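Here is what each chain is made of, one letter per residue.
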Amino acid sequence: MTRVPLRPLARILEARAHGGDPDAIERENKQRRHEEMRDRARLRAEGRLLVLAAMFFCAFVTVGVRMGMLSSSVPSEPRAYAPGAQISQTRADIVDRQGRLMATNFVTHALYAEPPNMVEPAHAAAELARIFPDLEEDKLLALFTGPRKFLWIKPQISPEQKQAVHDIGEPGLLFGPREMRLYPNGPVAAHVMGGARYGEQAVQAAELIGVAGIESAFNERLSDPARAGEPLMLTLDLTIQAAVERVLAGGMTVMNAKGAAAILMDAHTGEIISLASLPDFDPNDRPSPLTTGFDPSESPLFNRAVQGVYELGSTFKIFAAAQALEMGLVNPNTMINTRGPIRWGKHRINDFHDYGAELTVSDVIVRSSNIGTARLAQQIGAANQREFLDRLGFTKPTAIQLTEASGSQPLLPSNWSELSTMTISYGHGLSASPLHLATAYASLLNGGTRVTPTLVRTGPVAPGPRVVSERTSAVARDMLRQVVASDHGTASFAEVAGYQVGGKTGTADKPKPRGGYYDDKVIATFASVFPTNDPKYILIVTLDEPVVTILNEARRTAGFTAVPVAAEIIRRVAPLLGLKPEIEQPGPLGVTLTAN
C-alpha cells in the first residue's frame, strides 16, 4: 500500500501561490487516510465474522447429524475396549442322534466396575450386595475405594439382574457382552456333556472352554469358528437317556445304593444310546471337585460308567464258557466237575450253593458255578485267557470320546498265575469299568465281531475284527437267555415279556481302600442283551452297595438288586427303540434265590 503524505509539497506551494490554506490540505488528507483505515478494518472484521459463522455452521451440522444417528440407534451402555488379540467366543451346538438340542450358547452379560468413574461407591456396594446375595458389601466397598482401576464383579448375569444393576444409575458399573454355555436339559446326560467354563476373557468377549466330557474331548472342534454352524451330533437319544436316568434313580433309591451306572449300547456299531451315572449334577452349575484327601468316587462329578473300575463278578463267566467253546474244549452239554472246594495253596474256591458233582457247561452259566467256571479256566490256560480278554478290550482303557476314559485303566494281576486265571474267570482279580463290560458283551454276542464304543455319530460303522465265530456267539446268547428264562437261572427277575432278554448277574465284594474286602458291601451288576434271537442292544446296570430287605432278610446280590432295575429299563426303552414285542412259546417260569 502506497502511503500518501499529509502535506504534499507540490500542493502546499500551489496553495501558497494562490493564497490558499496549506493546513486545509493536511486536514483533508488526514480525513481520507482515516476513512481508508476504517474501510480496511471493517472489511477485515466482516471476513472474520464470515469465517466464524462458517465454522459455527459446520459444527452445528456435525452435532445435528450425530444426534440424528444416536436417536435412530439402539441405546446401549458405554463400553471400554481392551487392546489385544481378538477372543473367539463362538462355540458349536451339541445335539442328540435325533437333532434335539443338548448344549448351546446363550447371550448374556458380564458385570465389571471402573472405580475411578464411580460417583457413589458406598451406594453401589450396598445395592450390589442386595441384588447378588453372595457378594459382601464391605468387600465391594473396599475394592471400589481402593487403587484398582478395573475389576470383574460377575462373569455372567441374567437379564433381570442386568436391569437391576442398570437402575442403580452408577456410571462406574458397566456390562460386557458374553455367551454362556447352556444345557437346556439340566442334569440329563451330565457326565457325557461334562461342562464348560470361561477361559481367556476381555471386556467385549470371553472364550468358552470345555472342562470335562464331550465338551473337553471336542473342545477344538466345538470352538472352531469355521464349524460354528455345524452341530456336533452324538449317538445318545435324549428321550431314552432321560428314561434310563429316571428308572436308574428310582432303582438306586429302592435298592438303597450309594451310586449307580447304566450303559445302553448298539450291539453291532458300538454306538452308545444312553450312558448314565448317579449321583449326577447340573452342568449349568457344575460343582467344584472334592479337595485332596477325599475318595473321588464320592463326588457327583465321578463318572461311574467310565471311570469306575470294579470287580464285576460272575458277569465274566460267559467269557470263559465262550472261549472254551471257541477252542473246541467243550460243547454246551459237556459235563464239568463241580465238586468243591478247589484248593490252590491257602486259597479255596467255593460255590454259593452245592450244585452236585457235575454240571453241563450251560448249567455252569445258568446256575453261576464258580467251581465249574474255574475248571473251564484251567483248561483254557493263563496265556490263552489273557489273549482272549485283550481282544475283548479288558487290558487297556476304552477308546471312547471322553477325556475321563483315558484314566480308566483296568487293574490286572501283577502275576497272571493259574490262581488268577481261575478267579478272573468268575470276575475276581481283574477290575474294569462297566463300559469295558458293555464293549465285551457287544463284541461277543453280536455275532462275534469286535466293536469300538462311540458317543459321536460318524456315519456307517464297518464291522471290526472277529473275536469268536457266529456259532459260539449264538451259543453264548442261548446260555444267557437260559439264565433269565430257566427255573434255575440267577436272573429270572429280568424277564420282560416279548423281548427275549438274556444276561448274566455279577455280585462282587467291594474292596477296602487299604486292602481286603468288606463283608457287607458289594458291587452288583447285570449285563444283558436283547432280544437274544436277534441281538440289537446291550444293557449294563451296576449298583454300588445296594441292599434290599426281602422276607426280613437283607439281600445284596445282583439278582435281587440290579436285575429288577435293568428289567424296568428294558420295559421302558424297548418300545422307544422301535422294538416290537414278540410272542414266545410258553415255558416254565420260576424264581430262585441267587448268589450272583
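A. Broad picture of the overall build of the chain. Scanning the chain for helices and strands turns up 17 helices and 20 strands. Against the globule reference of 25 Å for 596 residues, the chain gives a C-alpha radius of gyration of 42 Å, more extended than a compact globule. If you line up the chain on its principal axes, its C-alpha atoms span 170 × 50 × 45 Å. For the chain, the residues scored as buried account for 48% of the 596 residues in total. With the model as given, the accessible surface of the chain reaches about 29000 Å², and the carbon-plus-sulfur share is 54%. Averaged over its 60 positive side-chain charges, the chain has a centre that lies 5 Å from the centre of its 62 negative ones.

B. Highlighting helix H13 (residues 382–391). Buried residues of H13: Gln385, Phe388 and Leu389, and no others. In a view along the axis of H13, the buried residues occupy a sector of 95°, so they form one face of it. Remark: Gly393 follows H13 within two positions and exhibits a positive phi of approximately 95°.

C. Structural view of the sheet that holds strand E8 (residues 259–266). Read across the open sheet, the five strands follow the order E9-E8-E18-E17-E16; overall the sheet is antiparallel. Strands at the two margins of the open sheet, each flanked by one partner only, are strand E9 (272–278) and strand E16 (502–511). Averaged over neighbouring strand pairs, the angle between their axes works out to 10° when direction is ignored. Of the pairings in the sheet, the one linking E16 to strand E17 (residues 517–530) comprises nine bridges and is antiparallel in character.

D. Structural detail: the pattern of salt bridges. Considering all chains together, one arrives at 26 salt bridges under this definition. For Glu127, the salt bridge identified is with Arg130, shortest N-O distance 2.7 Å. With Glu127 and Arg130 both in helix H3 (residues 121–131), this residue pair falls three residues apart, about one helical turn. Exposure remark for Arg130: the relative accessible area of 55% places this residue in the exposed category. Of the charged contacts in the structure, one is a salt bridge between Arg221 and Glu230, with a shortest N-O distance of 3.8 Å. Taking relative accessible area as the criterion, Arg221 reaches 13% and is therefore assigned buried. In this structure Glu230 comes out as partly exposed when scored by relative accessible area, which is 38%. Among the ionic contacts, a cluster of salt bridges with common partners joins Lys258, Glu298, Arg304, Lys510, Asp544 and Glu545.

E. Inspection of the nonpolar core at higher detail. Formed by 120 residues in total, the largest nonpolar core has its most connected members in Ile214, Leu234, Phe319, Phe530 and Ile538. Considering each element in turn, this core owes the most residues, nine residues, to helix H17 (residues 562–576). When near neighbours in sequence (up to four residues on either side) are disregarded, Phe319 contacts Phe388, Leu389, Leu392, Phe394, Leu437, Ala440, Tyr441 and Leu444. Ranked by size, the runner-up nonpolar core spans 18 residues in total, among them Met118, Ala124, Ala125 and Ile153.

F. Looking closely at the side chain of Ser408. Mapped onto the secondary structure, Ser408 falls in the loop between H13 and helix H14 (418–425). Residue Ser408 is classed as buried on the basis of its relative accessible area of 1%. One polar contact links the side chain of Ser408 to the main-chain carbonyl oxygen of Val306, over a distance of 3.4 Å. At 2.7 Å, the side chain of Ser408 forms a polar contact with the backbone oxygen of Ala405. With sequence-adjacent residues up to four places away left out, Ser408 is seen in contact with Val306, Gln307, Val309, Pro397, Thr398 and His436.

G. View of the pairing of E9. Within E9, seven of the seven residues are buried, leaving the element largely enclosed by the surrounding structure. Sheet analysis places E8 next to E9, joined by six bridges and oriented antiparallel. If you follow Ala262 over to E9, its bridge partner there is Ala276. Here E8 folds back onto E9, and the loop between the two strands holds five residues, one of which, Gly270, carries a positive phi near 80°.

H. Quick peek at the packing of helix H10 (residues 317–326) against helix H12 (residues 370–380). Two elements in contact, H10 and H12, have axes whose closest approach is 9 Å; the angle formed by their N-to-C orientations is 45°. In terms of their interaxial angle, H10 and H12 are classed as oblique. As for how H10 packs across H12, the hand of that crossing is left-handed. Taking contact as the criterion, the partners of Lys317, Ala320, Ala321, Gln323 and Ala324 in H10 are, on H12, Asn370, Thr373, Leu376 and Ile380. Each residue belonging to the contact of H10 with H12 can be placed in one class, and the counts come to five nonpolar, three polar and one charged.

I. Focus on the side chain of Ser274. Here Ser274 shows up in strand E9. For Ser274, a relative accessible area of 0% translates into the label buried. Within the structure, the side chain of Ser274 is placed 2.9 Å from the side chain of Gln241, a separation counted as a polar contact. Contact partners of Ser274, with chain neighbours within four places excluded, come to Leu236, Ile240, Gln241, Val244, Ala262, Ile263 and Leu264.

J. Region of interest: the packing of H10 against helix H16 (residues 470–485). Between H10 and H16, whose axes approach to 10 Å, the crossing angle comes to 145°. The two elements H10 and H16 meet at a crossing, and its hand is right-handed. Across the interface between the two elements, Ile318, Ala321, Ala322, Leu325 and Glu326 of H10 pack against Thr472, Val475, Ala476, Met479 and Leu480 of H16. Counted by class, the contact of H10 with H16 contains eight nonpolar, one polar and one charged residues.

K. How the structure looks around the pairing of strand E5 (residues 195–201). Across five bridges, the pairing between E5 and strand E6 (residues 206–212) is antiparallel. Within the sheet, the bridge partner assigned to Ala196 lies in E6 and is Gly210.

L. Focus on the packing of aromatic side chains. Counting across every chain of the model gives 10 aromatic pairs. Geometrically, the ring pair formed by Phe150 and Trp152 is edge-to-face, given 5.3 Å between the ring centres and 90° between the ring planes. Judged by centre distance (5.8 Å) and plane angle (65°), the rings of Phe493 and Phe560 are edge-to-face. Separated by 67 residues along the polypeptide, Phe493 in the loop between H16 and E16 and Phe560 in the loop between strand E20 (553–555) and H17 bring together distant segments of the chain. Relative accessible area serves as the criterion here: at 7%, Phe560 is assigned to the buried category. Feature note: the residues Phe316, Phe319, Phe394 and Tyr441 constitute an aromatic cluster, connected by ring pairs. Sitting over the face of the ring of Phe175, Lys162 holds its NZ or CZ atom 5.5 Å from the ring centroid. Taking NZ or CZ as reference, Lys521 lies 4.4 Å from the ring centre of Tyr518, over its face.

M. Broad picture of the environment of Ala438. One can find Ala438 in helix H15 (residues 434–445). Along the sequence, Ala438 and Met335 sit 103 residues apart, while their C-alpha atoms lie 29 Å from each other.

Definitions and cut-offs
Residues numbered from 1 in each chain as written. Predicted model: local features only at pLDDT ≥ 70, side-chain atom pairs only at ≥ 80, totals over all residues. Heavy atoms only, no water. Helix = DSSP H or I, 4+ residues; strand = E, 2+ residues; numbered from the N terminus. Rg over C-alpha atoms; globule rule 2.2 N^0.38 Å. Buried < 20%, exposed > 50% of the residue type's maximum accessible area, 1.4 Å probe, protein only. Areas by Shrake-Rupley, 256 points an atom, 1.4 Å probe, with all protein chains shown as cover. Lys, Arg positive; Asp, Glu negative; His and termini not counted. Charge placed at Lys NZ, Arg CZ, Asp CG, Glu CD. Arc of directions from axis to C-beta. Pairing = 2+ DSSP bridges. Axes fitted to C-alpha atoms, helices over the stretch in contact; angles between N-to-C directions. Salt bridge = Lys/Arg side-chain N within 4 Å of Asp/Glu carboxyl O. Core = buried A, V, L, I, M, F, W, Y, C linked by side-chain atoms within 4.5 Å. Contact = heavy atoms within 4.5 Å. Polar contact = N/O pair within 3.5 Å; in protein donor to acceptor, adjacent residues only side chain to side chain. Parallel < 35°, antiparallel > 145°, perpendicular 65-115°, else oblique. Left-handed = near helix turned anticlockwise from the far one by under 90°. Nonpolar A, V, L, I, M, F, W, Y, C, P; charged D, E, K, R; others polar. Phe/Tyr/Trp six-rings, centres within 6.5 Å; stacked < 30°, edge-to-face > 60°. Lys NZ or Arg CZ within 6 Å of the ring centre and 35° of its normal.

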